[in-house]
Amino acid sequence: MRVAFAGQVPKDLAFAGEIEDAMAVATEAGRVAISDGASESYDSRSWAQLLVQRFVADPDVGPGWLNAAVAEYREQSSFTDLSWSRQAAFDRGSYASLLGIEYFQGEHWLKVHCVGDSVAVLIDVREACKYTFYYNYSRLFSQRPDLLSTDPARNTAFTAYPFFASHTTSWRLDAGAPWVVLCMTDAMGEWALRQHECRQPVWNELLALEVQTDLDALVAEARESRDMRVDDVTLVRLSFDDSRADGLPDA
Amino acid sequence: MPYQAEISRSHPTAFLFLVDQSTSMQAAMSNGIAKAQQVADVVNRTLFTLVTRCTKAEGTRDYFEVGVLGYGGSEVRNGLQGNLAGAVFHPISRVEASPLRVDARLKKVDDGAGGLVEQSFRFPIWFDPQASGVTPMCQAMYRAADELADWCDAHPGSYPPTVLHVTDGESTDGNPEQLAERLRQLETEDGPVLMLTLHLSTAGNDPVRFPASESGLPDDYAKMLFRMSSPLPDRLMAIAQEEGLQVGTGAKGFIFNADVVEIVQFFDIGTRASELR
């Protein structure tokens, strides 16, 4: 597995430093995670960052994992020192999606964890899109997504079995095929699935991206034509076409 | 399609609270609290919520500009005082920085073990109740239109301003209907100003929420306030439906004879404009 492309475009180019998406890559462990921090929440950038870092360190996502993440987030804040408005905003919580990929090289399969509206797409370069997860239709993006919260009271739905099990899937990568996985946060995910449904060659377009400026141009054009919602964009493209290049040890 | 603009710091939207402060607002609601006090509580709570929605770890982002106009007796006055007395509209960060005072209040929160515990929190006050004199609603419409015209000129690309009008009485300085119509014709490139009306009637009738026609309203005054109100945009209609309200095609932003819960709901729905970016 290797990261063939990874890029981000902020929702507001005037405030590029405030991007609330996060990504983490641990290629040697075969793990990648992206997270989309919700715009209307207190500190979703830190929360998204914490989630992806925890995933690549420990991908065993479940109720205990989430509770530990919330505890770590809350330990980092000094609530009593905050102004009234920051206290109130902290109490409203911070929210983020989580899409995590685990690659088991020796067994040629992937485990995909997805909570919220980020999307993973498995592509056989010869045959185009094979699977998407968790959403598989663009219209699903109009519903309110499940987002992981820093407020434990907002996470009760996630602690009930089988929430995390039902938000995990496995993809077998048959040997010899040039597999690619795209990981996208919601604005790009919704746009890509809609383009796909309209039979546009969106996967070829995303496979052709080589440098950040390619992604900048694609997003700018899609926003200009109002085909893509204005939001932070994160795209990670994982390639499984050449196992010798990734340096991963055989299992 | 109107009401599609995203709300950002470069394209904020505005909320103008237009509050009847005539003598009749001293009357008590079903919970025993005077209407004026109840409305002031909800205005403060709504400002608190707007500030909270805009507050990030690094500070309060100016997605909104907010103003309060009160009318009663012979005048229309700025409802925001202290450091905010110099203008009607203020960026939300300035509102955050300038409450008149910050009270300590209690709220019930989840104790993590299936129960509730009381927790103290700080609650800012910007707007104090007043209730005296007659009801100069026409004057209030004039003043609101002046302020909104300037705001729309300065923010042509923004989601249009929303006026949340709260009244319990009949206008004593003429018929405000045409003035309200002129106010609703003010616009940005994203659509006309939204006028939402909360009628705190003293009549004993059942509440009427977001009606599509005036036929079910009990008196001419309620019917006039209905006509003064804007149709609900799709997004607000969807939010009202999510709140469990039956809101049909053509529904207007008007509630008649609201109780305390509905006052809160009215302000909440009315201030959930577009997505913040």
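Predicted, not measured: the structure shown is a model, and the values here were computed from it.

A. Structural detail: the overall build of chain B. On a plain count of helices and strands, chain B comes out with 7 helices and 14 strands. Expressed as lengths along the three principal axes of its C-alpha atoms, the size of chain B is roughly 50 × 45 × 40 Å. Per-residue burial over chain B gives 48% buried out of 277 residues. Nonlocal contacts in chain B, meaning residues at least 24 apart in sequence, comprise 75% of its contacts between residues at least 6 apart.

B. Structural view of the overall build of chain A. Counting its secondary structure elements, chain A contains 8 helices and 12 strands. What you see for chain A is a C-alpha radius of gyration of 18 Å, in line with the 18 Å of a compact globule of 251 residues. The C-alpha extent of chain A, read off along each of the three principal axes, is 55 × 45 × 30 Å. Here chain A, with 251 residues, has 43% of them falling under the buried criterion.

C. Looking closely at the environment of Glu107 of chain A. Residues and elements named next belong to chain A. Tracing the backbone through its elements, the reader meets Glu107 in the loop between strand 5 (98-104) and strand 6 (109-115). Take Glu107: there are 11 C-beta atoms within 10 Å of it, and that puts it in the exposed class. Spatially, the C-alpha atoms of Glu107 and Asp174 are 9.7 Å apart, while their sequence positions differ by 67 residues.

D. Spotlight on the confidence of the model for chain A. All names here are of chain A. Predicted confidence across chain A gives a mean pLDDT of 91, with 96% of residues reaching 70 or more. Confidence, expressed as mean pLDDT per element, reaches its minimum in chain A at strand 8 (residues 128-133) with 85 and its maximum at strand 3 (residues 31-36) with 98. Throughout residues 244-251 the model reports pLDDT below 50, and contacts reaching past four residues in sequence, or to other chains, amount to 15 contacts.

E. Main features of the pairing of strand 3 of chain A. Residue and element names in this part refer to chain A. When you tally the buried positions in strand 3, you get 6 out of 6 residues, the bulk of the element. The alternating pattern of strand 3 places Arg31, Ala33 and Ser35 and Val32, Ile34 and Asp36 on opposite faces, both of which are buried. Pairing between strand 2 (residues 21-26) and strand 3: 6 bridges, direction antiparallel. Note that in strand 3 the partner of Val25 across the bridge is Val32. As consecutive antiparallel partners, strand 2 and strand 3 are separated by 4 residues, and within that stretch Gly30 has a phi angle of approximately 70°, a positive value.

F. Region of interest: the sheet that holds strand 3 of chain A. All names here are of chain A. Pairing is antiparallel across the open sheet formed by 5 strands, whose spatial order is 2-3-5-6-10. Whereas interior strands pair on both sides, the edge strands pair on one side only; in this sheet they are strand 2 and strand 10 (168-172). Each strand axis lies, on average, 10° off the axis of its neighbour in the sheet, ignoring direction. Two strands pair when backbone bridges link them, and strand 3 and strand 5 are joined in this way by 4 bridges, in the antiparallel orientation. When the sheet's bridge partners are listed, Val32 is paired in strand 5 with Ile101.

G. Expanded view of the nonpolar core. Counting 77 residues, the largest nonpolar core has Leu16, Leu18, Val43, Leu69, Ala144, Val163 and Leu183 of chain B as its most contacted members. Take this core: its biggest share by element is 10 residues, from helix 1 (residues 35-54) of chain B. Look past the residues within four positions of Leu69 of chain B in its chain and what remains in contact with it is Leu16, Leu18, Val76, Asn78, Gly79, Val88, Ala140, Arg143 and Ala144 of chain B. By size, the runner-up hydrophobic cluster in this structure holds 65 residues, among which are Val9, Leu98, Leu122 and Leu148 of chain A.

H. How the structure looks around the interface of chain B and chain A. Between chain B and chain A, the contact holds 20 residues from the first and 18 residues from the second. Secondary structure elements with two or more residues in the side of chain B that touches chain A: helix 1, strand 2 (55-56), strand 7 (101-110) and strand 8 (116-125) of chain B. A per-element tally of the side of chain B that touches chain A places helix 1 of chain B first, with 4 residues. Here the residues of the side of chain B that touches chain A are counted per class, giving 7 nonpolar, 6 polar and 7 charged.

I. Molecular detail of the environment of Phe210 of chain B. All names here are of chain B. Structurally, Phe210 is set in the loop between strand 13 (208-209) and helix 5 (220-228). Distance from Phe210 to Gln246, taken between C-alpha atoms, is 8.2 Å for residues 36 residues apart in sequence. Leaving out residues up to four positions away in the same chain, Phe210 has contacts with Leu232, Ala240, Leu245, Val247, Ala251, Lys252, Gly253, Phe254 and Ile255.

J. View of the pairing of strand 4 (residues 64-72) of chain B. All names here are of chain B. Across the 9 residues of strand 4, 9 count as buried, placing the element largely inside the fold. Going residue by residue along strand 4, you find Phe64, Val66, Val68, Gly70 and Gly72 tucked away on one face and Glu65, Gly67, Leu69 and Tyr71 tucked away on the opposite face as well. Note: strand 1 (residues 13-20) against strand 4, 8 bridges, orientation parallel. When the sheet's bridge partners are listed, Thr13 is paired in strand 4 with Phe64. Bridge count between strand 4 and strand 6 (residues 90-91): 2 bridges; the pairing is antiparallel. Bridge pairing in strand 6 places Glu65 opposite Pro91. By the bridge criterion, 4 bridges tie strand 4 to strand 5 (residues 75-78) in an arrangement that is antiparallel. By the bridge assignment for strand 5, Tyr71 is matched with Val76. Once strand 4 ends, the chain turns through 2 residues before running back antiparallel as strand 5, passing Gly73 with a positive phi of about 65°.

Calculation notes
- Residues numbered from 1 in each chain as written.
- Chains lettered and ligands numbered in written order.
- Predicted model: local features only at pLDDT ≥ 70, side-chain atom pairs only at ≥ 80, totals over all residues.
- Helix = DSSP H or I, 4+ residues; strand = E, 2+ residues; numbered from the N terminus.
- Buried ≥ 20, exposed ≤ 12 C-beta atoms within 10 Å, placed from the backbone.
- Contact = placed C-beta atoms within 7 Å.
- Rg over C-alpha atoms; globule rule 2.2 N^0.38 Å.
- pLDDT = per-residue confidence, 0-100.
- Pairing = 2+ DSSP bridges.
- Axes fitted to C-alpha atoms, helices over the stretch in contact; angles between N-to-C directions.
- Core = buried A, V, L, I, M, F, W, Y, C linked by C-beta atoms within 7 Å.
- Nonpolar A, V, L, I, M, F, W, Y, C, P; charged D, E, K, R; others polar.

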